[in-house]
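# Results of the structural survey
Residues per chain are reported as follows:
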2 protein chains.
Amino acid sequence: MKILIAEDEITLQESIIKFLNRDAHICETASDYYEAISKVSIYEYDLILLDINLITGNGLDLLKLIKKEGKKIPVIIISANNSLDDKVEGLDLGADDYLTKPFHLTELNSRIKAVMRRGKYDGDSNISFNEIKIKTDAMQAYVNEKPIQLTKKEYDLLVYFITNKNRVLSKEVIAEHLWGDNIDTVDSFDFIYVHINHLRKKLTDVAANYIRTVYRIGYKFMDEDM
Amino acid sequence: MKILIAEDEITLQESIIKFLNRDAHICETASDYYEAISKVSIYEYDLILLDINLITGNGLDLLKLIKKEGKKIPVIIISANNSLDDKVEGLDLGADDYLTKPFHLTELNSRIKAVMRRGKYDGDSNISFNEIKIKTDAMQAYVNEKPIQLTKKEYDLLVYFITNKNRVLSKEVIAEHLWGDNIDTVDSFDFIYVHINHLRKKLTDVAANYIRTVYRIGYKFMDEDM
DNA sequence: AAGAATCTTAAGTTACTCTTAAGTACCTCT
DNA sequence: AGAGGTACTTAAGAGTAACTTAAGATTCTT
């Protein structure tokens, strides 16, 4: 799960990241309003954690912006003041949940899970593509009803492919989504090849062909006849 | 047993917690209507203690909400006024029992036990998974009909695993369910390893394999061929 | 208050995944 | 067809996560 944390209190930022990393989420941060706007418009996040009291601007404006652009990214608002007005306004603008500082990190964690649960997969916790099926609850993938053993990265990669089927995904975009933005200092994305290789091997026979190489561009997850 | 106490009288809240903690229940609190709704939607409780005279809203509405969502969580209603109407309405809405303030804590305790006994596992107070059987009222686990000696934490862990079989549970989630929400200040969940270790040792042979490690994620309680 | 049982901390060990690196195969364009 | 770049494959090392033990704290019992 790739999460943007728009929060200017560095200590809070850090402890959130530390905690969420333990659940193997990819976290990126924006310390001010403008950075947040910029990152949201450039990258794809699965969730945004938005402090509405950012020094450089009003978080609610950012929320408006996101929703105006028709993006369906779930947003959880963080606020220092317990004002009911803020809460109501935030939820009216389309925020998915609301947290008041100070909060427990486990609380945050559960809300993230709840939001993701009801948001993304439309109540159905299974994803499938032809003979491939993924039970997200169990984090278990199947090919023709046979379970296949995937590592975390392989699993993430497969989920990312299937939820973005028929789209060409560059190595950079994939890396960005699975590793986060501290990866752009890296000068080679060759390690992607290894994970692709592993995943292909584990998706036996037919299913392996779904991962098509688009030469010089990236990969596309698709059916034979598309 | 994880219990939510929706009660805005702080002193009563505290004495209930103090009392229930002696029975090794995990208690969490909600001091207003909104907090209660939020917590119920996020966390999984084994029981809710609901004061219907919360300042910020009507407890009966909350009860309606819970039952409407099809949740099977047992609810015990607490009320200050002895109005029969409230009582009847509460029980009609699906509350499992009803207490009028002031009440003795021992009274509360026995009602909790009664509700749990008849409520939780479909009238059957036994939980089982293949060769594992648990008699919840005796808090006794068996493997192949042979009783095994578990400590409280080991027992809780096993029950949590079996009632959440086939789901990946992170160390954090497990810790939260077994230790309550004051554990997020902790910066290491390594102690979980120890309890897992003990439980595995006590679930002899085959049964021990049901607790699968999901590397970098957590644990999953499941059968061989899933 | 002492003893027993349980839980937590800590440190050493083992095992797993991810990444790196280097060699090979493939594609495209001239 | 050959050059140059791009993708694939494999194996090994680094780093991290999980496991195991035992001893130090607690908590519970008597």
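Thresholds, definitions, all that
- Residues numbered from 1 in each chain as written.
- Chains lettered and ligands numbered in written order.
- Predicted model: local features only at pLDDT ≥ 70, side-chain atom pairs only at ≥ 80, totals over all residues.
- Heavy atoms only, no water.
- Pairing = 2+ DSSP bridges.
- Helix = DSSP H or I, 4+ residues; strand = E, 2+ residues; numbered from the N terminus.
- Axes fitted to C-alpha atoms, helices over the stretch in contact; angles between N-to-C directions.
- Contact = heavy atoms within 4.5 Å.
- Phe/Tyr/Trp six-rings, centres within 6.5 Å; stacked < 30°, edge-to-face > 60°.
- Buried < 20%, exposed > 50% of the residue type's maximum accessible area, 1.4 Å probe, protein only.
- Lys NZ or Arg CZ within 6 Å of the ring centre and 35° of its normal.
- Near = heavy atom within 4 Å.
- Polar contact = N/O pair within 3.5 Å; in protein donor to acceptor, adjacent residues only side chain to side chain.
- Nonpolar A, V, L, I, M, F, W, Y, C, P; charged D, E, K, R; others polar.
- Buried area = accessible area lost by both parts, 1.4 Å probe.
- Salt bridge = Lys/Arg side-chain N within 4 Å of Asp/Glu carboxyl O.
- Parallel < 35°, antiparallel > 145°, perpendicular 65-115°, else oblique.
- Left-handed = near helix turned anticlockwise from the far one by under 90°.

- Looking up chain A in an unreviewed UniProt entry gives the name Response regulator transcription factor, with the organism given as Flavivirga rizhaonensis.

## Focus on the sheet that holds strand S8 (residues 140-143) of chain A
Residues and elements named next belong to chain A.
- One open sheet holds the four strands; their spatial order is S6-S7-S8-S9, and the pairing between them is antiparallel. The open sheet has two edge strands, strand S6 (126-129) and strand S9 (146-148), and neither has a second partner. Averaged over all neighbouring strand pairs, the angle between strand axes comes to 25°, with direction disregarded.
- Pairing of S6 with strand S7 (residues 132-135), which is carried by four bridges, proceeds in the antiparallel orientation. Within S7, the residue paired with Ile 127 across the bridge is Ile 134.
- Where helix H6 (residues 152-163) meets the sheet, its contacts fall on S6, S7 and S8, and the angle it forms with S7 comes to roughly 115°.

## Quick notes on the packing of aromatic side chains
- Taken as a whole and judged by the stated rule, the model has 14 aromatic pairs over all chains.
- A centroid spacing of 5.8 Å and a plane angle of 20° characterise the contact between A:Phe161 and A:Phe221, whose relative ring orientation is stacked. On the criterion of sequence distance, the pair formed by A:Phe161 in helix H6 and A:Phe221 in strand S12 (residues 218-221) is long-range, its members being 60 residues apart. Here the two residues A:Phe161 and A:Phe221 agree in accessibility, since each one is buried.
- Ring pairs connect the aromatic residues A:Phe129, A:Phe161, A:Tyr210 and A:Phe221, which therefore count as one cluster.
- Sitting over the ring of B:Tyr45, B:Lys2 keeps its end group 5.3 Å from the ring centre.
- The lysine or arginine in question, B:Lys133, covers the ring of B:Tyr142, its NZ or CZ lying 5.9 Å from the ring centre.

## Focus: the protein's contact with DNA strand D
- Around DNA strand D, the structure places 22 residues, and the nearest of them are A:Asn197, A:Tyr219, B:Asn197, B:Thr213 and B:Tyr219.
- Near the protein, within 4 Å, the atoms of DNA strand D are sugar or phosphate in 75% of cases.
- In this structure, B:Lys201 approaches DNA strand D through a side-chain N or O atom, which is 3.0 Å from a phosphate oxygen.
- If you list the elements that add at least two residues to the surface near DNA strand D, you get helix H8 (191-202) of chain A together with helix H8 (191-202) of chain B.

## Re the protein's contact with DNA strand C
- Neighbouring residues of DNA strand C: 16 residues in total, closest A:Thr151, A:Trp179, B:Thr151, B:Lys153 and B:Trp179.
- The contact in question runs from a phosphate oxygen of DNA strand C to an N or O atom on the side chain of A:Thr151, over 2.6 Å.
- Between B:Tyr215 and DNA strand C, the recorded distance is 3.3 Å, taken from a side-chain N or O atom to a base oxygen.
- Elements with a minimum of two residues in the surface near DNA strand C: H6 and H8 of chain A together with helix H6 (152-163) and H8 of chain B.
- Partitioned by chemical class, the residues of the surface near DNA strand C number eight nonpolar, four polar and four charged.

## Re the environment of B:Met1
Residues and elements named next belong to chain B.
- In this fold, Met 1 is placed in the segment before strand S1 (2-6).
- Sequence spacing of Met 1 and Leu 178 is 177 residues, and the spatial spacing of their C-alpha atoms is 8.4 Å.
- Met 1 has contacts with His 25, Ile 26, Asp 46 and Met 116, leaving out every residue within four places of it along the chain.

## Points about the interface of chain A and chain B
- At the junction of the two partners, chain A supplies 23 residues and chain B supplies 22 residues.
- Of the roughly 1900 Å² buried at the junction of chain A and chain B (both faces included), carbon and sulfur atoms supply 50%.
- Among the residues of chain A in contact with chain B, A:Arg22, A:His104 and A:Thr106 are the three that bury the most area, contributing 26% of the side total.
- Between the two partners, chain A and chain B, sit zero salt bridges.
- Our count for the chain A to chain B interface comes out at three residue pairs in polar contact (both at pLDDT 80 or more).
- Going through the elements one at a time, helix H1 (10-21), helix H5 (105-119) and S8 of chain A are the ones with two or more residues in the side of chain A that touches chain B.
- For the side of chain A that touches chain B, the leading source of residues is H5(A), giving eight residues.
- Residues of the side of chain A that touches chain B, tallied by class, amount to eight nonpolar, four polar and 11 charged.

## Points about the packing of H6(B) against helix H7 (residues 171-179) of chain B
Residues and elements named next belong to chain B.
- The contact between H6 and H7 brings their axes to 10 Å, and the two run at 120°. In terms of axis orientation, H6 runs oblique to H7. Read as a crossing pair, H6 and H7 show a hand that is right-handed. Residues Lys 153, Asp 156, Leu 157, Tyr 160 and Phe 161 of H6 form the contact with H7, whose participating residues are Val 173, Ile 174, His 177, Leu 178 and Trp 179.
- Split into classes, the residues belonging to the contact of H6 with H7 amount to seven nonpolar, one polar and two charged.

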